[in-house]
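Below are the chains, spelled out letter by letter.
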Amino acid sequence: DSGVTQTPKHLITATGQRVTLRCSPRSGDLSVYWYQQSLDQGLQFLIQYYNGEERAKGNILERFSAQQFPDLHSELNLSSLELGDSALYFCASSVGVAYNEQFFGPGTRLTVL
Amino acid sequence: AQKITQTQPGMFVQEKEAVTLDCTYDTSDPSYGLFWYKQPSSGEMIFLIYQGSYDQQNATEGRYSLNFQKARKSANLVISASQLGDSAMYFCAMSPDTPGGFKTIFGAGTRPFVKA
């Protein structure tokens, strides 16, 4: 158990819908990262927050947004969902902003029908 | 362009033998971190080992060691005394210090199959 929690574990929804994925980092970690893992794209970095501020942005679609709250938990919002958004979404956390190992949560499996 | 290359999609390994998983990377940033993660069939991502670009010595963590050759831009993972439980997908990753922040890049992964 990495200490990072993600909810829900599974999510099934329809195209055009909006969902919110939630992540709680390990105690003491200030950075939260979001990743998308799909069969065709592999593991893709989406976005990083450090102590409530956005620090790095990767291949995140405009339909996706994220935030980190004062209690350091983070949410990833996915809207206008398409079939291609079906993937495993990981949250990870680390102590610092860089040069730290990232500890991954169990992931949220999103299926868009 | 930032890139991680893992060219061994699958391989068979004899139990108790050592195995080397190849990883080459490309970055123009002088400062970066290199990581290896294990993903078993259950799906979770498990951190194995970390190497900083300025670290003089190769990183080791138990049965895992990272063979870091900076000039060749390679960061191979060596697993000693392979166990059946080592059968999994292994990802090499890099976090370069770019102007836009540290954006971790993952390779496509390598899957060793450990046989008894």
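All values reported here derive from a predicted model rather than from experimental measurement.

**A short note on the overall build of chain A**
Step number 1: Regarding its fold elements, chain A presents 0 helices and 11 strands.
Step number 2: Listed by position from the N terminus, the elements making up chain A come as β-β-β-β-β-β-β-β-β-β-β.
Step number 3: Its C-alpha radius of gyration of 13 Å places chain A within 12% of the 13 Å reference for a compact globule of 113 residues.
Step number 4: Along the first, second and third principal axes, the C-alpha atoms of chain A reach 35 × 30 × 25 Å.
Step number 5: Here chain A holds 113 residues, and the buried ones make up 51% of them.
Step number 6: Sequence separation of 24 or more characterises 55% of the internal contacts of chain A that already satisfy a separation of 6 or more.
Step number 7: Computed over 8 positive and 11 negative side-chain charges, the inter-centroid distance for chain A is 3 Å.

**Focus on the state of the cysteines**
The bond known as a disulfide is covalent and runs between the sulfur atoms of two cysteines.
All names here are of chain A.
Step number 1: In this structure the tally under the stated criterion is 2 disulfides over all chains.
Step number 2: Note on cysteine connectivity: Cys23 is disulfide-linked to Cys91, with sulfurs 1.8 Å apart. The S-S bond linking Cys23 to Cys91 shows a torsion near -50 degrees; that makes this disulfide left-handed. Here Cys23 is found in strand S3 (residues 19–24), whereas its partner Cys91 is found in strand S9 (residues 87–94), with 68 residues between them in sequence. Both residues of the pair, Cys23 and Cys91, belong to the buried class.

**Things to note about the interface of chain A and chain B**
Step number 1: Every contact between the two is made by 17 residues of chain A and, on the other side, 19 residues of chain B.
Step number 2: Carbon and sulfur atoms make up 60% of the area that chain A and chain B hide from each other, which totals about 1,500 Å².
Step number 3: Seen at the junction of chain A and chain B, the total is 0 salt bridges.
Step number 4: Counting across the chain A and chain B interface gives 5 residue pairs in polar contact (both at pLDDT 80 or more).
Step number 5: Of the residues that constitute the side of chain A that touches chain B, the class distribution is 10 nonpolar, 4 polar and 3 charged.

**Comments concerning the confidence of the model for chain B**
Step number 1: Of the residues in chain B, 100% have a pLDDT of 70 or more, and the chain-wide mean is 93.
Step number 2: Of all helices and strands in chain B, the one with the weakest mean pLDDT is strand S11 (residues 101–102) of chain B (78), whereas strand S9 (residues 74–79) of chain B scores best (98).

**Quick notes on the environment of A:Ser79**
Residue and element names in this part refer to chain A.
Step number 1: Considering the arrangement of structural elements, one finds Ser79 in the loop between strand S8 (74–78) and S9.
Step number 2: Spatially, the C-alpha atom of Ser79 lies 22 Å from that of Pro106, the residues being 27 residues apart in sequence.
Step number 3: Other than its neighbours up to four places away in sequence, Ser79 contacts Gln17, Arg18, Arg63 and Phe64.
Step number 4: From its side chain, Ser79 meets the backbone oxygen of Arg63 in a polar contact 2.8 Å long.

**Re unusual backbone geometry**
Leave glycine aside and you will find that most residues have negative phi; peptide bonds, for their part, are mostly trans.
Step number 1: Cis peptide bonds are those with omega within 30 degrees of zero, and the linkage from A:Thr7 to A:Pro8 qualifies with -10 degrees.
Step number 2: A positive phi angle is found at B:Lys73, which is not glycine, with a value near 55 degrees.
Step number 3: For B:Lys73, the position within the fold is in the loop between strand S8 (64–69) and S9.

**Focus: the sheet that holds S3(A)**
Residue and element names in this part refer to chain A.
Step number 1: Spatially, 4 strands are ordered S1-S3-S8-S7 in an open sheet, and the strand pairing comes out antiparallel. Both edges of this open sheet fall to strand S1 (5–7) and strand S7 (64–68), since each of them pairs with a single strand only. On average, each strand axis in the sheet is tilted by 15 degrees relative to the strand beside it, whichever way the strands run.
Step number 2: Pairing of S1 with S3, which is carried by 3 bridges, proceeds in the antiparallel orientation.

So, how was this worked out
Residues numbered from 1 in each chain as written. Chains lettered and ligands numbered in written order. Predicted model: local features only at pLDDT ≥ 70, side-chain atom pairs only at ≥ 80, totals over all residues. Heavy atoms only, no water. Helix = DSSP H or I, 4+ residues; strand = E, 2+ residues; numbered from the N terminus. Rg over C-alpha atoms; globule rule 2.2 N^0.38 Å. Buried < 20%, exposed > 50% of the residue type's maximum accessible area, 1.4 Å probe, protein only. Contact = heavy atoms within 4.5 Å. Lys, Arg positive; Asp, Glu negative; His and termini not counted. Charge placed at Lys NZ, Arg CZ, Asp CG, Glu CD. Disulfide = S-S within 2.5 Å. Buried area = accessible area lost by both parts, 1.4 Å probe. Salt bridge = Lys/Arg side-chain N within 4 Å of Asp/Glu carboxyl O. Polar contact = N/O pair within 3.5 Å; in protein donor to acceptor, adjacent residues only side chain to side chain. Nonpolar A, V, L, I, M, F, W, Y, C, P; charged D, E, K, R; others polar. pLDDT = per-residue confidence, 0-100. Pairing = 2+ DSSP bridges. Axes fitted to C-alpha atoms, helices over the stretch in contact; angles between N-to-C directions.

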